[in-house]
Amino acid sequence: MPLHPHATLDTMVDTLKAAAESSRLRILALLSRGDLTVSDLTEILNQSQPRVSRHLKLLLEAGLIGRYQEGSWAYFRLSDSDTERDFVNGLVSRVHLSDPQVERDLERLAAVKRKRQERAKEYFSENATSWDQIRSLHASDASVEAALKRLVGKKPFQAMLDLGTGTGRLLEIFAPLYRRGVGIDLSREMLTVARANLDRAGVANAQVRQGDIYAPPVERDAYDLVTMHQVLHYLDDPQLAIREAARLLRPAGRLVIVDFAPHALEFLRDEHAHVRLGFSDRQIGEWFAEAGLDLEETENFEPRAAAGARLTVKLWLGRDRRLLIADPQQTAVPEKETA
């Protein structure tokens, strides 16, 4: 049963019982550092798969962790609920890292993450030439990232979703701002890359999952920031993707899209699977309006090449039109005037 901010006595006791066992507490400590499979946990804990699965089942029933499928693999993570995550992080923070068992677990966890990094390195080496060819046609990633940081600002927020997360780079650069980040991608190979990158950057407050961008496996009305970086041009129906992304925003939440301006580079369609050859401000503005978003800002990034094949990168920022009615951080109850 999920834990609520003001749980009943029985619920609190059941939750404490679920966590009050050394192996299960070790599992919570490991999942607080990233998503893991049953095989990962079996290797780290040095326990049989049936035993590990039983511990996971009890933690799932208590609502302390979540589970999602990625092909034939099942990944486990801390619960998406802020209440459960705060509860688990409070427990885990009180476990001393110098405990011999914890030290061994963290050493084995590091070995598991090194294997991920090796798989990611292999995938990168196989595809680097193709990616470098496209990068040479447009503005540097650094200039686009700087604009994204400026646009999003420095104010912390609750939750971020990156659709078509790819390498997980946006989750990495905004990690200091959000409490919970989620990346969605259909490619298992790219998810391997993203996990390795987030591990290497020490980002523990984000996770990535396999999912369809047209039907993301996440809750609606839950995210303050949704991003789609160089994704739309691969899609048959970008309008539907924008509409679905808008449904995931909290009131007054923001959708940021980075893609290309209209161009005529047909070889990108033939050789790199681009379905759309860029988007105009008018087109994105119409799709935003249909999805209940206001187009607040656009920005152009001119290509580095002075001549030849060139791509202009565009950034569009849309905001959910619904007002955030009750934000305790922004709304104060005025004092009554006395006569």
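This is a predicted model, so every value here is computed, not measured.

Draft legend 1. Representation of helix α2 (residues 22-31) in the model. Most of α2 sits out of view: eight of its 10 residues are buried. Those residues of α2 not exposed but buried are Ser23, Arg24, Arg26, Ile27, Leu28, Ala29, Leu30 and Leu31. Looking at where α2 begins, the residue whose side-chain oxygen comes 2.8 Å from the main-chain nitrogen of Ser23 is Glu21.

Draft legend 2. Region of the structure containing the packing of α2 against helix α4 (residues 49-61). As a packed pair, α2 and α4 sit with axes 10 Å apart at the nearest point and diverge in direction by 75°. Between α2 and α4, the crossing angle belongs to the class labelled roughly perpendicular. Contacts from Ser23, Arg24, Ile27 and Leu28 of α2 reach α4 at Arg51, Arg54, His55, Leu56, Leu58 and Leu59. Residues of the contact of α2 with α4, tallied by class, amount to five nonpolar, two polar and three charged.

Draft legend 3. Molecular detail of the pairing of strand β5 (residues 178-185). Burial within β5 is extensive, with seven of its eight residues counted as buried. Bridge analysis of strand β4 (residues 157-163) against β5 gives six bridges, and the strand direction is parallel. Paired with Leu161 across the two strands is Val182, which belongs to β5. Bridge count for β5 against strand β6 (residues 206-210) is five bridges, and the pairing is parallel. Paired with Asp185 across the strands is Gln210, a residue of β6. Viewed along the sheet, the connection from β5 through helix α9 (residues 188-201) into β6 turns out right-handed.

Draft legend 4. The confidence of the model for the protein, seen in detail. The predicted model of the protein has a mean per-residue pLDDT of 86, with 85% of residues at 70 or higher. Overall, residues 327-339 carries pLDDT values under 50, and its contacts beyond four positions in sequence, including any with other chains, amount to two contacts.

Draft legend 5. Spotlight on the packing of aromatic side chains. One pass over the structure, following the stated rule, counts three aromatic pairs. Taking 6.5 Å as the distance between ring centres and 50° as the angle between the ring planes, the aromatic pair formed by Phe157 and Tyr178 counts as tilted. Here Phe157 is found in strand β4, whereas its partner Tyr178 is found in strand β5, with 21 residues between them in sequence. Accessibility assignment for this pair places Phe157 and Tyr178 in one class, buried.

Draft legend 6. Layout of the nonpolar core. Counting residues in hydrophobic clusters, the biggest one holds 31 residues, and the most contacted among them are Leu148, Met160, Phe174, Tyr178 and Leu315. When residues of this core are assigned to their parent elements, the largest contribution, five residues, is made by helix α7 (residues 141-152). In this structure Leu148 touches Leu170, Phe174, His229, Val256, Val258 and Leu315, once residues within four positions along its chain are discounted. Leu232, Leu249, Ile284 and Trp287 belong to the second largest nonpolar core, which has 29 residues in total.

Draft legend 7. Here's a closer look at unusual backbone geometry. The backbone phi angle of Asp221 is positive, close to 50°, even though this residue is not glycine. With respect to the element layout, Asp221 can be found in the loop between β6 and β7 (223-229). With a relative accessible area of 41%, Asp221 lands in the partly exposed category. If you check the backbone angles, Ala252 has positive phi at about 70° while not being a glycine.

Draft legend 8. Up close: empty space enclosed by the protein. Going through the model one piece at a time under the given rule, you end up with one cavity of 30 Å³ or more. Of the volumes computed, that of the largest cavity is approximately 90 Å³. When residues of the lining of the largest cavity are traced back to their parent elements, those giving at least two are α9 and β6. Considered class by class, the residues forming the lining of the largest cavity number four nonpolar, two polar and five charged.

Draft legend 9. Main features of the sheet that holds β6. With mixed pairing, the seven strands of this open sheet are ordered in space as β6-β5-β4-β7-β8-β10-β9. Looking along the sheet, the strands with just one partner apiece sit at the ends: β6 and β9 (293-301). Across the sheet, the axes of successive neighbouring strands diverge by a mean angle of 15°, strand direction being ignored. In terms of strand pairing, strand β8 (residues 249-260) meets strand β10 (residues 313-320) through seven bridges, oriented antiparallel. Across the sheet, the residue bridging to Asp259 is Lys314, located in β10. Contacts from α7 reach β4, β7, β8, β9 and β10 within the one sheet, and its direction differs from that of β9 by about 150°.

Draft legend 10. Up close: the packing of helix α3 (residues 38-45) against α4. At a minimum axis distance of 9 Å, the contact between α3 and α4 shows a crossing angle of 110°. Here α3 lies roughly perpendicular to α4, going by the angle between them. Classified by chirality, the crossing of α4 by α3 is right-handed. Of the residues in α4, those in contact with Val38, Leu41, Thr42 and Leu45 of α3 are Gln49, Val52, Ser53 and Leu56. In the contact of α3 with α4, the residues fall into five nonpolar, three polar and no charged.

Reading the values: the criteria
Residues numbered from 1 in each chain as written. Predicted model: local features only at pLDDT ≥ 70, side-chain atom pairs only at ≥ 80, totals over all residues. Heavy atoms only, no water. Buried < 20%, exposed > 50% of the residue type's maximum accessible area, 1.4 Å probe, protein only. Helix = DSSP H or I, 4+ residues; strand = E, 2+ residues; numbered from the N terminus. Polar contact = N/O pair within 3.5 Å; in protein donor to acceptor, adjacent residues only side chain to side chain. Axes fitted to C-alpha atoms, helices over the stretch in contact; angles between N-to-C directions. Parallel < 35°, antiparallel > 145°, perpendicular 65-115°, else oblique. Contact = heavy atoms within 4.5 Å. Nonpolar A, V, L, I, M, F, W, Y, C, P; charged D, E, K, R; others polar. Pairing = 2+ DSSP bridges. Right-handed = clockwise from strand over helix to strand, strands pointing away. pLDDT = per-residue confidence, 0-100. Phe/Tyr/Trp six-rings, centres within 6.5 Å; stacked < 30°, edge-to-face > 60°. Core = buried A, V, L, I, M, F, W, Y, C linked by side-chain atoms within 4.5 Å. 1 Å grid on protein atoms, 1.4 Å probe; cavity = no way out; pocket = protein on both sides within 12 Å on 5 of 7 lines; lining within 4 Å. Points joined across faces, edges and corners; volume = space filled by probe spheres on them. Left-handed = near helix turned anticlockwise from the far one by under 90°.

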